[in-house]
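# Geometric and topological summary
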Amino acid sequence: MAPNTLSQMLHKTRLFEPLDDDALSVVAGLVEVIECQPQQYLFRERQPRESVMIVESGEVVVTHGIGQRPVTLATLGPGALLGERLLLGSPTHVASAYAKTAVRVLSFSRAALEQLAEKHPDIYQQLEAAAAATLSERLTYSAAQQAGSGSPVPSGRYRIEQDSLGERRLPEEVYYGVQTQRAVENFPISDMPISKYPFLIEALGCVKQASALANRDLGLLDPHVAAAIIAAAEEVRRGMWTGQFVVDVIQGGAGTSTNMNANEVIANRALELLGHRKGEYAYVHPLNHVNLSQSTNDVYPTSLKIALHFSISDLLQAMRELRDGFAAKADEFSDVIKMGRTQLQDAVPMTLGQEFSTYAVMLDEDMERLREAAQLILEINMGATAIGTGINAHPEFAARVCQHLRKLTGIPLVISPNLVEATQDTGVFVQLSGVLKRIAVKLSKTANDLRLLSSGPRAGLHEINLPAVQPGSSIMPGKVNPVIPEVVNQVAFDVIGNDVTVTMAAQAGQLQLNVMEPIIAYALFNSLTHLRNACRVFLTRCVEGITANREHLRQMVENSIGIVTALNPYIGYDQSAAIAKEALA
């Protein structure tokens, strides 16, 4: 590599960025070129650090863990920095790195760095300070993404992006841009990045892909740019870049940070597909191209509604399976006689099958209400742009994007007849949240019944047995608690609280926009997810394993005064009451 080219490459690496030209020339003279074959290790975890390296060409895989199943942390390419902790006195590697392809690295050996420290202490001190800053930035970045985004760790190479507020340094590997980075810094609220909601990411990909298709159809996008955006959005839909969606789900700005996260990821991936580098927005711009004919104020609620449809389908399936589980138990217990109760007092005989059939019927009714609520969120406001007037959108854009969305999602979406109203009204979310609360309340009642019916085993009702799934006490030997119905109860309390959140957020809208939709999304997605999981756990860890104490149930019927009710038509209420009183004496 020519000296000038080498110095330029070093200068673009975070570690050497502070050095002036003279210092870079000194450092360049210390470089040793090392070539590695595929699968050859550059260094191994727990081994002594011997050099600082920069990847000149090829790909390097960084892993953590010794044994048969190490965890891949990152795949790094040209410009990536490795081993800079040597400058800070770290004696051993905390990860391993091997060549994925043929790799050429620029190496600064321990001996060369010691020589630099002796002859040019001022340069060495600058490298120490830069190494500390690089490590700090990596730790800050990792902390911001620690909620499971799956984003690659920074390699040490950065790019500079600019928005209307100024510049920001971004790790070269990431596909999001400056506005997403600002959102990560501004909203460290829930530790829940939007990547935790894959249906939302899929929905965003659908909206951006449909918008690019519509803009292409209308001649508003260059065909090559449109094709790259469409392909990148398709990859987002398929989950290839979910880890790049890093903004917190709870955010100010009515969802702008979520929209910009999608715009930037798709723009940078489209740039790659066209042969450009990330950040070269002159070719594909997050706003001018990916967000063309759109606003957060139509993209975000539309994506939310599509994602809710996906989530509702999942919940309906889980409810259907739980209903079938209760129906199967109703058949199994159809011949088991027992006493019914009102106000916890003996009432009249019934079968245990009749009791369990009510739980199946309640789920059937709630599924129908949920399907009705889903119909209300078919109406979207794409083409509304900022406030519903359609400014900056082609007159035919709304119809075309809706047509493409119907094909991509399989959902019969329609454009609202009044986009100004649709952009500010969140009533459909209130309706859906209310139905979810109804489901939660009735599931909780069912869980309460099972806890009561299984109480005992010696001093309670002891009519049914729940599966023993874990020991129940750290002090009382042999105790087994109804932990699955208990967790269903707690999910119900959570959903009821989420409904209050949705209610407050919906009424907090002002004029032409409700900026509180992110917390509405957070509440609804959590309610749907928790209810779905609760239904599945309720079925597999509890309902399917319930057994009846048949003889005990029959004995309680035979010894109950409740059976006297059947004598009313023959001897009258008063004489029946007298018999009951005598029986109790």
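Described in the following lines is the structure provided in the data block.

### Some details on the overall build of the protein
Within the protein one finds 18 helices and 16 strands. Here the C-alpha atoms of the protein give a radius of gyration of 32 Å, more than 25% beyond the 25 Å that 2.2 N^0.38 yields for 585 residues. The principal-axis extent of the C-alpha atoms belonging to the protein is close to 115 × 65 × 35 Å. Within the protein, buried positions represent 50% of all 585 residues. Residue pairs at least 24 apart in sequence account for 74% of intrachain contacts in the protein once pairs closer than 6 positions are excluded. Carbon and sulfur atoms make up 52% of the accessible area of the protein, which amounts to about 26700 Å² in all. Averaging the coordinates of the 49 positive side-chain charges in the protein and doing the same for the 61 negative ones gives two points 4 Å apart.

### A few points about the packing of helix α10 (residues 296–332) against helix α11 (residues 352–376)
Where α10 contacts α11, the axes come no closer than 8 Å and their chain directions differ by 165°. Here α10 lies roughly antiparallel to α11, going by the angle between them. Crossing angle aside, the handedness with which α10 passes α11 is left-handed. Of the residues in α11, those in contact with His309, Ile312, Leu315, Leu316, Met319, Arg320, Leu322, Arg323, Phe326, Ala327, Lys329 and Ala330 of α10 are Gly353, Phe356, Ser357, Tyr359, Ala360, Leu363, Asp364, Asp366, Met367, Leu370, Arg371 and Ala374.

### Here's the deal with the packing of aromatic side chains
The final tally for this structure, using the stated rule, is 10 aromatic pairs. Ring geometry for Phe326 against Phe356: centres 6.1 Å apart, planes inclined by 50°, an arrangement best described as tilted. Of this pair, Phe326 sits in helix α10 while Phe356 sits in helix α11, and the two are 30 residues apart along the sequence. The burial state of Phe326 is the same as that of Phe356; both residues are buried. Aromatic pair Phe326 and Phe538: ring centres 5.9 Å apart, planes at 80°, arrangement edge-to-face. Residue Phe326 is found in helix α10, and its partner Phe538 is found in helix α16 (residues 517–541); the two are separated by 212 residues along the sequence.

### Digging into the nonpolar core
Phe326, Phe356, Leu370, Leu436, Leu450 and Phe538 are the most contacted members of the largest nonpolar core, which totals 116 residues. Residue contributions to this core peak at 15 residues, all from α10. Discounting residues that sit within four places of it in the chain, Leu436 has contacts with Leu315, Leu370, Val495, Leu524, Ser527, Leu528 and Leu531. Listed in part, the 27 residues of the second largest apolar core include Leu86, Leu106, Phe108 and Leu113.

### Details of the sheet that holds strand β6 (residues 81–82)
Spatial strand order, β1-β8-β3-β6: four strands in an open sheet with antiparallel pairing. Of all the strands in the sheet, just β1 (32–36) and β6 have a single pairing partner and so form its edges. Bridge analysis of strand β3 (residues 51–57) against strand β8 (residues 103–109) gives six bridges, and the strand direction is antiparallel. Bridge pairing in β8 links Val55 to Val105. Seen against the sheet, helix α3 (residues 110–119) touches β3 and β8 and runs at an angle of roughly 40° to β8.

### Some points on a negative patch on the surface
On the surface, a cluster of negative charge is contributed by Asp20, Asp21, Asp22 and Asp122. Relative to the elements of secondary structure, Asp20 occurs in the loop between α1 (3–11) and α2 (21–28).

Cut-offs applied
- Residues numbered from 1 in each chain as written.
- Predicted model: local features only at pLDDT ≥ 70, side-chain atom pairs only at ≥ 80, totals over all residues.
- Heavy atoms only, no water.
- Helix = DSSP H or I, 4+ residues; strand = E, 2+ residues; numbered from the N terminus.
- Rg over C-alpha atoms; globule rule 2.2 N^0.38 Å.
- Buried < 20%, exposed > 50% of the residue type's maximum accessible area, 1.4 Å probe, protein only.
- Contact = heavy atoms within 4.5 Å.
- Areas by Shrake-Rupley, 256 points an atom, 1.4 Å probe, with all protein chains shown as cover.
- Lys, Arg positive; Asp, Glu negative; His and termini not counted.
- Charge placed at Lys NZ, Arg CZ, Asp CG, Glu CD.
- Axes fitted to C-alpha atoms, helices over the stretch in contact; angles between N-to-C directions.
- Parallel < 35°, antiparallel > 145°, perpendicular 65-115°, else oblique.
- Left-handed = near helix turned anticlockwise from the far one by under 90°.
- Phe/Tyr/Trp six-rings, centres within 6.5 Å; stacked < 30°, edge-to-face > 60°.
- Core = buried A, V, L, I, M, F, W, Y, C linked by side-chain atoms within 4.5 Å.
- Pairing = 2+ DSSP bridges.
- Patch = residues over 30% accessible without salt bridge, like charges linked within 9 Å, V, L, I, M, F, W, Y side chains within 5 Å.
- Salt bridge = Lys/Arg side-chain N within 4 Å of Asp/Glu carboxyl O.

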